[in-house]
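Survey of secondary and tertiary structure
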Amino acid sequence: MLFFDRKKIKGKEAERERKLPQHIGIIMDGNGRWAKKRGLPRTAGHSVGASTFKNIAKYCNKIGLKYLTVYAFSTENWKRPQEEVDAIMDLFRQYLKDSISSLDNDNIKIRFIGDISALADDLQKLIKEAEEDTADATGLTLNIAINYGGRQEIVAAAKKLCEDISKGILDPSDISEEEISKRIYTAGQPDPDLIIRPSGEKRISNFMLWQSAYTEFWYSDVLWPDFSPRHLEMAIDDYNKRIRRFGGI
Ligand code: IPE
Ligand code: IPE
Ligand code: MG
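Looking at an unreviewed UniProt entry, the protein chain carries the name Isoprenyl transferase, with the source organism given as [Clostridium] cellulosi. What the UniProt record of the protein chain gives under Function (unreviewed entry) is the line "Catalyzes the condensation of isopentenyl diphosphate (IPP) with allylic pyrophosphates generating different type of terpenoids."

Below is the structure:
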């Protein structure tokens, strides 16, 4: 019994030593290649990818992560065949309907980032409903990036700055990093500490450009539908070995 207790304490100490990032970003990539490898249509990859997303969000909430931002659809993804875009939009629709109808949302606060106004009206309504339903949740804040582009986000922030200047709320001489940060989608949230990109690609693809100035990156060849909590744990363990200097020494 004593031995068992000691082991338990040891486990807890190890957990205490390991630093959980405050904010993780994930570029959920590789759905198409996952499907192709199996001789399936790309849309099958998106379906399985959607299940992976739900699992990983739940897991992040369970381990006590505060913020998770997932890249689900970029401002450039509209270039894809209409059929594929429609299938992805249907998966969002289904996810939103499920989250709204389920009474137990695991205390996850759902937020959407990106230009939501370009989405179908019914999707916009569902998004509003899901955000309102979970507004008081105190667990994980889950930012879902749809029709999101880091450049588009900065452009939107620049427009807001101009509007505030023309209203007399702000003077041009007051424009600062803080004033821009207040006008981006993740205003009030810490910048991501860690961005994870599966699928073997080593690029940012227009994700969180403003916020990722000092973010640590973790890449893996695993395709998103195969991504599991084990991969997330590997990324967090690796993050714990990084020395972050933020320009200092
Ligand atoms: C990510 O998987 C999902 C979206 C971009 C919507 P992809 O569809 O990009 O999958 P690959 O990169 O073609 O394998
Ligand atoms: C980035 O993946 C966007 C999302 C995962 C939503 P892409 O598959 O669109 O990126 P590229 O084209 O390989 O850079
Ligand atoms: Mg891709």
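Attention now goes to the site of ligand 1. Within the structure, ligand 1 sits among 13 residues, and Asp 29, Gly 32, Arg 33, Arg 42 and Arg 80 are positioned closest to it. Measuring from an oxygen atom of ligand 1, one finds a backbone N or O atom of Gly 32 at 2.9 Å. At a separation of 2.7 Å, an oxygen atom of ligand 1 approaches a polar side-chain atom of Arg 33. Across the complex, the protein chains shield 88% of the 370 Å² of accessible surface that ligand 1 would expose by itself.

On to the sheet that holds strand β5 (residues 194-197). Read from one edge to the other, the open sheet built from six strands follows the order β3-β4-β2-β1-β5-β6, with strand pairing classed as parallel. On the outer flanks of this sheet lie β3 (109-113) and β6 (216-219), each paired with one strand and no other. Taking each pair of neighbouring strands and ignoring which way they run, the sheet shows an average axis angle of 20 degrees. Looking at chain direction, strand β1 (residues 23-27) and strand β2 (residues 67-74) are connected through five bridges and run parallel. Opposite Ile 24, over in β2, you have Leu 68 as the bridge partner.

Moving on, we come to the pairing of β5. Residues Leu 194 and Ile 196 line one face of β5 and the alternating positions Ile 195 and Arg 197 line the opposite face, and both faces are buried. Summarising the sheet, β1 and β5 pair through three bridges and their orientation is parallel. Counted as the bridge partner of Gly 25 is Ile 195 from β5. Strand direction decides the pairing type here: β5 and β6, joined by four bridges, are parallel. Considered in β6, the bridge of Ile 195 is made with Phe 217.

The environment of ligand 2 is formed by Ile 27, Met 28, Asp 29, Tyr 71, Ala 72, Phe 73, Asn 77, Arg 80, Arg 197, Arg 203 and Ser 205. A distance of 2.6 Å is found between an oxygen atom of ligand 2 and a side-chain nitrogen or oxygen belonging to Ser 205. Considered on its own, ligand 2 offers 390 Å² of accessible surface; in the complex 78% of this is hidden by protein. Broken down by element, the residue count for the shell around ligand 2 peaks at three residues, all from β2. In the shell around ligand 2, the residues fall into five nonpolar, two polar and four charged.

It is worth spelling out the pairing of β1 at this point. On any regular strand, side chains alternate: one points to one face of the sheet, the next to the other face. Buried residues dominate β1, accounting for five of its five residues. Side chains His 23, Gly 25 and Ile 27 project from β1 onto one buried face, and the interleaved Ile 24 and Ile 26 project onto a second face that is buried too.

One can find Lys 182 in the loop between α7 (177-181) and β5. A relative accessible area of 55% places Lys 182 in the exposed class. The spatial distance from the C-alpha of Lys 182 to the C-alpha of Leu 161 is 9.8 Å, given a sequence separation of 21 residues. Within the structure, Lys 182 has its side chain in polar contact with the side chain of Glu 179 (distance 3.1 Å).

Let us now look at the pattern of salt bridges. Throughout the structure, instances matching the rule amount to 19 salt bridges. Residue Arg 33 is joined to Glu 201 by a salt bridge in which the shortest nitrogen-to-oxygen separation is 3.0 Å. One end of the pair, Arg 33, is in helix α2 (residues 31-37); the other, Glu 201, is in the loop between β5 and β6, and 168 residues separate them in sequence. The partner of Asp 238 in a salt bridge is Arg 242, with the nearest N and O atoms 2.9 Å apart. On the accessibility criterion, Asp 238 (23% relative accessible area) is partly exposed. With relative accessibility at 26%, the residue Arg 242 sits in the partly exposed group. Via salt bridges that share partners, Asp 29, Arg 33, Arg 197, Glu 201 and Arg 203 belong to a single interconnected network.

Thresholds applied
Residues numbered from 1 in each chain as written. Chains lettered and ligands numbered in written order. Predicted model: local features only at pLDDT ≥ 70, side-chain atom pairs only at ≥ 80, totals over all residues. Heavy atoms only, no water. UniProt positions renumbered as here; feature names shortened; annotations may be inferred. Near = heavy atom within 4 Å. Polar contact = N/O pair within 3.5 Å; in protein donor to acceptor, adjacent residues only side chain to side chain. Areas by Shrake-Rupley, 256 points an atom, 1.4 Å probe, with all protein chains shown as cover. Pairing = 2+ DSSP bridges. Helix = DSSP H or I, 4+ residues; strand = E, 2+ residues; numbered from the N terminus. Axes fitted to C-alpha atoms, helices over the stretch in contact; angles between N-to-C directions. Buried < 20%, exposed > 50% of the residue type's maximum accessible area, 1.4 Å probe, protein only. Nonpolar A, V, L, I, M, F, W, Y, C, P; charged D, E, K, R; others polar. Salt bridge = Lys/Arg side-chain N within 4 Å of Asp/Glu carboxyl O.

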